[in-house]
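The lines below spell out each chain.
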Amino acid sequence: MKFPREVWAGSHLTRKAQMKRQIVNTREEFITFIGRFNNKMNCYTSVYDYRRFGLQQAVVSSVVLDRLFLDFDSHDKPLDLSLEDVKSVLSYLDKQDYIYEIYFSGNGFHVFVYGEVSDNIRDIQQFFYKLYPVAKHGTLDKSGVQTRRLRRVPNTVNMNTEDFLYCIPLKKEDLGTMSQIIALAREPTFSPPVKYGNTPARWPKAPSIGKAPIEISKVERVGKLPILPCLNNSIMVENPTHEARYYLISWYRTLLANNQKCYDEENNKEILNMIIDEIKKIVSSGEVWLDWDESVTRYHAWYTINNDGGYMAPTCEKLISEGYCVGKCWRFPEV
């Protein structure tokens, strides 16, 4: 791991006050952070490295795009299906001799595919879209490809599992059965991850959004309202950024106010309640938005909804420039 880097400790207990992301500047600070929170809270760190940091978070525009993070999560499916999907994807990577590492997360699998440094997250997303059908059981999470993604720290406890299993690095010979992997995950291994393959992945060059065909035509809904693919991707993770939450609320507000400013306070209160209902559906759908607190969300959402008639949803141009876009979708250009 390179330093400085972002870390976050998230409580597995509902209605528990949560921390914010923070920066550790050295390996010693990182070890202190893990020693303080491991086996008490879920410990995460950033998937990507960054070249520059502000006082409280990484500078997103300085991200080093040199890897693809694959998150295999069964959700309501048996873990055996995640294991089968991992084996299928690794077989594909082996044929190409790509460089990768494998981890058991405690409740699924993580695979890092390492490649050349890109200047566009969409290039890595194009690689992911080609790889995604290989995982035929559908356990490969589409939200993995984003610059602000977190991953569980190896050799820390997954507090969301009944047996408090550890996130551990795996070797290919460990991928026998789930019972064998779970037995390994009952204790930390402290062994370094094994890199397989010799060839850095070459990310296919993605066409500009303007020239690309429609890449995402399906309109997704977590609750009743449609959600932009980029916002769905950035929200359906353990600890969405404050900016992603703000963009989501402004998107919902814009829909519910018919793309207009609204200065009617009673109407805005109804909009607030509808948005909170939507977010409740999101946080109940799995291990996402772990620091959800309804009262805190209501407080911040009300400002977004009511101040100066409410804030409008971000444009596609803004979302693309800030690295949120996951492909040309049904909204481009804005409708």
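Quick look at the structure, then. (Residues numbered from 1 in each chain as written. Predicted model: local features only at pLDDT ≥ 70, side-chain atom pairs only at ≥ 80, totals over all residues. Heavy atoms only, no water.)

**Here we look at the side chain of Asn 42**
In step 1: Its place among the elements puts Asn 42 in strand β3 (residues 42-46).
In step 2: Reaching out from Asn 42, the side chain makes a polar contact with the side chain of Arg 152 at a distance of 2.7 Å.
In step 3: Within the local environment of Asn 42, its side chain forms a polar contact with the backbone nitrogen of Met 159, the two atoms lying 2.8 Å apart. (Helix = DSSP H or I, 4+ residues; strand = E, 2+ residues; numbered from the N terminus. Polar contact = N/O pair within 3.5 Å; in protein donor to acceptor, adjacent residues only side chain to side chain.)

**Some points on the pattern of salt bridges**
In a structure, side chains of opposite charge can pair up when their charged atoms sit close to one another.
In step 1: For the coordinates displayed, the defined rule picks out 21 salt bridges.
In step 2: Measuring nitrogen to oxygen at the nearest pair gives 2.8 Å for the salt bridge that ties Arg 148 to Glu 6. Of this pair, Arg 148 sits in the loop between α3 (121-131) and β8 (150-152) while Glu 6 is found in strand β1 (residues 5-10), placing the two residues 142 residues apart along the sequence. Glu 6 carries the same exposure label as Arg 148, and that label is buried.
In step 3: When salt bridges that share partners are traced, they join Arg 5, Asp 49, Asp 66 and Arg 67 into one network. (Salt bridge = Lys/Arg side-chain N within 4 Å of Asp/Glu carboxyl O. Buried < 20%, exposed > 50% of the residue type's maximum accessible area, 1.4 Å probe, protein only.)

**Quick notes on the sheet that holds strand β2 (residues 22-24)**
In step 1: Spatially, four strands are ordered β2-β1-β3-β8 in an open sheet, and the strand pairing comes out antiparallel. Either end of the sheet is taken by a strand with one partner, and the two such strands are β2 and β8. Across the sheet, the mean angle from the axis of one strand to that of its neighbour is 40°, orientation sign disregarded.
In step 2: Bridge count between β1 and β2: three bridges; the pairing is antiparallel. Within the sheet, the bridge partner assigned to Arg 5 lies in β2 and is Val 24. (Pairing = 2+ DSSP bridges. Axes fitted to C-alpha atoms, helices over the stretch in contact; angles between N-to-C directions.)

**Here's the deal with unusual backbone geometry**
In step 1: Here the residue pair Phe 3 and Pro 4 is connected by a cis peptide bond, since its omega of 5° sits within 30 degrees of zero.
In step 2: Take Pro 4: it is sitting in the segment before β1.
In step 3: Look at the link from Phe 332 to Pro 333: it is a cis peptide, with omega at -10°.
In step 4: Within the fold, Pro 333 resides in the segment after α9 (316-321).
In step 5: The phi dihedral of Trp 289 is positive, around 50°, even though this residue is not glycine.
In step 6: In this structure, Trp 289 sits in the loop between α7 (265-283) and α8 (294-306).
In step 7: Residue classification places Trp 289 among the buried residues on the basis of a relative accessible area of 2%.
In step 8: At Asp 308, a residue that is not glycine, the phi angle is positive and equals roughly 55°.
In step 9: Residue placement: Asp 308 occurs in the loop between α8 and α9.

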